[in-house]
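# Breakdown of the fold
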Amino acid sequence: MDLGLKGTVAIVLAASKGLGRASAAALAAEGANVVIAARTRQELEQTAREIQQTTGSRALPVPVDVTKAEDLTQLVETTIQEFGRLDILVTNAGGPPFGTFDNLNDEQWQAAFELNLLSTVRIIRLALPHLRTSGRGRIINIQSMSVKEPIMGLLLSNSIRPGVAGLAKTLATEIGADHITINTVCPGRIMTDRILSRPDIKAKIEQGMSKEEATADQTHDIPVGRIGKPEELGALVTFLASAQAGYITGTSIPVDGGLIRSLL
Ligand code: NAP
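Residues numbered from 1 in each chain as written. Predicted model: local features only at pLDDT ≥ 70, side-chain atom pairs only at ≥ 80, totals over all residues. Heavy atoms only, no water.

You can see Gly135 is positioned in the loop between α4 (106-134) and β5 (138-142). Sequence separation between Gly135 and Glu231 is 96 residues, and the spatial gap between their C-alpha atoms is 28 Å. (Helix = DSSP H or I, 4+ residues; strand = E, 2+ residues; numbered from the N terminus.)

Structure below.
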């Protein structure tokens, strides 16, 4: 299937590794030029080189902290200077810290709001004029299964990420007439550094277990019986960015091996 992505331009946030990287690589494999952003310059530049080598598409690294408004402004300006257009925006960020109610203070709540919700608002605001000009704009938010079902020990994620789904559902109506779609993808458990940083899993790795051994007890409640691969999420992001996905908007779609038990 030709996804109609050749020659398009995509910004992918938090894309030096993990789910953002897999999304950028999948878009580039379909012929999109990708502008990838994250804080750590060296890792980001290495990722851009690897994506460019394996896909033949252009991958431009732009160091960005998504919590800094000026970095996001610079990112969009650089994209337009380099490519003259923007068709696809994939929002993403690091995850908020683990913690329960008694352990979280105002600063941590504020930081999680800025990292996961305000950064999304700001980059969408900056990207919208260009997505309107594109005439086939796509916004895809990488969030979490916590949008649909709270995860124990992740109070900040459970509280703030559903706000992004609410933003997307509302914006779908406001920007639908501009031929822009907006959707949220909801990873369950996917093998990246994020899942390996969970305190219980990290402790097992520090004791000498392999990644697979340390996460083995995380698979018993997943219907397909395994942790997901980043490229399985990247494939959904790429389809949602495609020409064929023009009638899908305002949705939140899990990539979770069936882990979420709710009907919707
Ligand atoms: P990851 O492998 O740890 O990658 C995180 C990426 O985000 C890195 O490229 C990191 O680069 C970048 N990043 C972090 N903070 C940033 C900031 N302030 N500004 C710009 N870039 C930033 O994590 P992942 O698994 O891909 O997770 C991506 C998102 O999905 C996270 O929000 C995570 O909580 C969520 N999620 C993941 C899973 C899962 O199973 N993997 C499940 C549910 C939700 P720098 O550190 O260099 O900036």
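With parallel pairing, seven strands are arranged side by side in an open sheet as β3-β2-β1-β4-β5-β6-β7. On the outer flanks of this sheet lie β3 (59-63) and β7 (252-255), each paired with one strand and no other. Between one strand axis and the next, the sheet turns by 20 degrees as a mean value, whatever way the strands run. Where strand β4 (residues 88-91) meets β5, four bridges bridge the pair, whose relative direction is parallel. If you follow Thr91 over to β5, its bridge partner there is Asn141. Against the sheet, α4 engages β4, β5 and β6 (181-187), with an angle of about 175 degrees to β4. (Pairing = 2+ DSSP bridges. Axes fitted to C-alpha atoms, helices over the stretch in contact; angles between N-to-C directions. Contact = heavy atoms within 4.5 Å.)

The subject of this paragraph is the site of the ligand. In the vicinity of the ligand, 27 residues are found, and the nearest of them are Ser16, Thr40, Ala93, Ile190 and Thr192. In this structure, an oxygen atom belonging to the ligand sits 2.8 Å away from a side-chain N or O atom of Arg39. In this structure, an oxygen atom belonging to the ligand sits 2.4 Å away from a side-chain N or O atom of Thr192. Coverage of the ligand by the protein amounts to 91% of the 880 Å² it exposes when considered alone. Sorting the residues of the shell around the ligand by element identifies α1 (18-29) and α6 (193-196) as the ones contributing at least two each. Taken together, the residues of the shell around the ligand break down into ten nonpolar, ten polar and seven charged. (Near = heavy atom within 4 Å. Polar contact = N/O pair within 3.5 Å; in protein donor to acceptor, adjacent residues only side chain to side chain. Areas by Shrake-Rupley, 256 points an atom, 1.4 Å probe, with all protein chains shown as cover. Nonpolar A, V, L, I, M, F, W, Y, C, P; charged D, E, K, R; others polar.)

Moving on, we come to the side chain of Arg136. Within the fold, Arg136 resides in the loop between α4 and β5. Buried charge Arg136 goes without a salt bridge, the closest partner of opposite sign being Asp87 at 5.1 Å. Here Ala241 takes part through its backbone oxygen, which lies 3.2 Å from a polar atom of the side chain of Arg136. Dropping the residues within four chain positions of it, Arg136 is found in contact with Gly4, Leu5, Thr8, Asp87, Ile88, Leu131, His179, Ala241, Ser242 and Ala243. (Buried < 20%, exposed > 50% of the residue type's maximum accessible area, 1.4 Å probe, protein only. Lys, Arg positive; Asp, Glu negative; His and termini not counted. Salt bridge = Lys/Arg side-chain N within 4 Å of Asp/Glu carboxyl O.)

Tracing the chain through its elements places Thr120 in helix α4. Leave out the neighbours within four places in its chain, and Thr120 touches Thr91, Asn141, Gln143, Val164 and Leu167.

Helix α2 (residues 41-55) packs onto α1 with a crossing angle of 30 degrees between their chain directions and a minimal axis gap of 9 Å. When the axes of α1 and α2 are compared, the pair comes out roughly parallel. Read as a crossing pair, α1 and α2 show a hand that is right-handed. Contact with α1, carried on its side by Arg21, Ala24, Ala25, Ala28 and Ala29, involves Thr47, Glu50, Ile51 and Thr55 of α2 and no other residues of that element. (Parallel < 35°, antiparallel > 145°, perpendicular 65-115°, else oblique. Left-handed = near helix turned anticlockwise from the far one by under 90°.)

A full pass over the atoms with the stated rule returns ten salt bridges. Here Arg41 ties to Glu45 by a salt bridge, and the two come within 3.4 Å at their closest N and O atoms. Linking Arg41 with Glu45, this pair stays in helix α2, spanning four residues, or about one helical turn. Take Glu45: its relative accessible area is 29%, and that puts it in the partly exposed class. Notably, a salt bridge pairs Arg85 with Asp87, separated by 2.6 Å at the nearest N-O pair.

Here we come to the pairing of β3. Note that strand β2 (residues 33-38) and β3 share five bridges and pair parallel. Pairing of Val35 across the sheet is with Leu60, part of β3.

Okay, the packing of α1 against helix α9 (residues 230-241) next. Where α1 meets α9, the closest approach of the two axes is 8 Å, and the angle between their N-to-C directions is 50 degrees. Accordingly, the angle class assigned to the pair α1 and α9 is oblique. In this structure, α1 crosses over α9, and the sense of that crossing is right-handed. In this structure, α1 uses Gly18, Leu19, Ala22, Ser23, Ala26 and Leu27 to contact α9, whose residues at the interface are Pro230, Glu231, Leu233, Gly234, Val237, Thr238 and Ala241. Taken together, the residues that form the contact of α1 with α9 break down as eight nonpolar, four polar and one charged.

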